[in-house]
Amino acid sequence: MNFLSRLLITISMLTPFSVFAAGQPITATQLAEIEKQGKSAVISVHADWCSTCKTQDKVLSEFMKNPEYKNVTFYQLEYDTQKDLLKTLKVRSQSTIIVFKNGKEVARATGDTKESALAKLTKQAI
């Protein structure tokens, strides 16, 4: 195996998020800031093995580029490793998307992959 191939494999193994990561990883501190400071945010509960999550990530990644979401922060919560935040947010399943506006949860959906449905959901953060 040549050097470049080994390097690409190593980088992909060390990268903790998918190519279409729909937002930055979220921490408990950031969640508290959303609520305390009255921020708008979209939290995507993701699992690398979940095909629905991958489809959602592709759609949400496109939304993140849209100027109308400039005041909305997109986060990703890892389903397999962030159990404490799953409990805090009362999430039972991967592929759940939670929308906050002014620091309050205003909407949530699980398993939606249609662009139109996700647009309707996430626009509630604006």
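Here, the structure is the one placed above.
*Asks:* Would you mind going over the overall build of the protein with me for this structure?
*Replies:* A count of helical and extended segments in the protein gives 5 helices and 5 strands. Ordering the α and β elements of the protein from the N terminus gives α-β-α-β-α-β-α-β-β-α. In the protein, which comprises 126 residues, the share counted as buried stands at 41%. If you take every contact in the protein between residues at least 6 apart in sequence, the share linking residues at least 24 apart comes to 69%. Counting every atom, the protein has about 7,600 Å² of accessible surface; 55% of that belongs to carbon and sulfur.

*Asks:* Can you walk me through helix H3 (residues 51–64) in this structure?
*Replies:* Residue pairs three or four apart in sequence face the same way in an α-helix, which turns once every 3.6 residues. Taking 1.5 Å of rise per residue, the 14 residues of H3 would be expected to cover 20 Å, and the 20 Å separating its terminal C-alpha atoms lies within 8% of that figure. Inspection of H3 places Cys53, Gln56, Asp57, Val59, Leu60, Ser61 and Phe63 among the buried residues, and these make up the whole buried set. Residues of H3 that are buried in the fold lie against strand E2 (40–46), strand E3 (72–78), strand E4 (96–101) and helix H5 (115–122).

*Asks:* Quick question: what am I supposed to make of the packing of H3 against H5 here?
*Replies:* Between H3 and H5, the least distance of the axes is 10 Å, while the angle of their chain directions is 55°. For the element pair H3 / H5, the angle class is oblique. Relative to H5, H3 is oriented so that their crossing is right-handed. Two secondary-structure elements touch here, H3 through Gln56, Val59, Leu60 and Phe63 and H5 through Glu115, Leu118, Ala119 and Thr122. Split into classes, the residues belonging to the contact of H3 with H5 amount to 5 nonpolar, 2 polar and 1 charged.

*Asks:* Any chance you could explain the pairing of E4 here in plain terms?
*Replies:* Here E4 lies mainly inside the structure; 5 of its 6 residues are buried. Inspection of the sheet shows E4 paired to strand E5 (residues 104–110) by 6 bridges, in the antiparallel sense. Bridging from a neighbouring strand, valine 99 pairs with alanine 107 of E5. Turn length for the E4-E5 hairpin, with the two strands adjacent in sequence and antiparallel, is 2 residues, and the turn residue asparagine 102 shows positive phi of about 55°.

*Asks:* Whenever I open this one, the packing of aromatic side chains confuses me. Can you help?
*Replies:* Given two aromatic rings, one states the distance between the centres and the angle between the planes to describe the pair. Counted by the stated rule, this structure contains 3 aromatic pairs. Residues tryptophan 49 and tyrosine 79 carry aromatic rings whose centres are separated by 6.4 Å and whose planes lie at 75° to one another, so their mutual orientation is edge-to-face. Of this pair, tryptophan 49 sits in the loop between E2 and H3 while tyrosine 79 sits in the loop between E3 and helix H4 (83–88), and the two are 30 residues apart along the sequence. The exposure class assigned to tryptophan 49 is exposed, which follows from its relative accessible area of 53%. Between the aromatic rings of phenylalanine 63 and tyrosine 69, the centroid separation amounts to 5.8 Å while the plane-to-plane angle is 15°, which identifies the pairing as stacked. Ring pairs connect the aromatic residues Phe63, Tyr69 and Phe74, which therefore count as one cluster.

*Asks:* In this structure, what is going on with the sheet that holds E3? I would like to understand it.
*Replies:* Strand pairs in the sheet, formed through backbone hydrogen bonds, run parallel or antiparallel to each other. One open sheet holds the 5 strands; their spatial order is E1-E3-E2-E4-E5, and the pairing between them is mixed. The open sheet terminates on both sides in strands that have one partner only, identified here as strand E1 (24–25) and E5. As paired elements, E1 and E3 share 2 bridges and run parallel to each other. Within E3, the residue paired with proline 25 across the bridge is glutamine 76.

Reading the values: the criteria
- Residues numbered from 1 in each chain as written.
- Predicted model: local features only at pLDDT ≥ 70, side-chain atom pairs only at ≥ 80, totals over all residues.
- Heavy atoms only, no water.
- Helix = DSSP H or I, 4+ residues; strand = E, 2+ residues; numbered from the N terminus.
- Buried < 20%, exposed > 50% of the residue type's maximum accessible area, 1.4 Å probe, protein only.
- Contact = heavy atoms within 4.5 Å.
- Areas by Shrake-Rupley, 256 points an atom, 1.4 Å probe, with all protein chains shown as cover.
- Expected span 1.5 Å × (residues − 1).
- Axes fitted to C-alpha atoms, helices over the stretch in contact; angles between N-to-C directions.
- Parallel < 35°, antiparallel > 145°, perpendicular 65-115°, else oblique.
- Left-handed = near helix turned anticlockwise from the far one by under 90°.
- Nonpolar A, V, L, I, M, F, W, Y, C, P; charged D, E, K, R; others polar.
- Pairing = 2+ DSSP bridges.
- Phe/Tyr/Trp six-rings, centres within 6.5 Å; stacked < 30°, edge-to-face > 60°.

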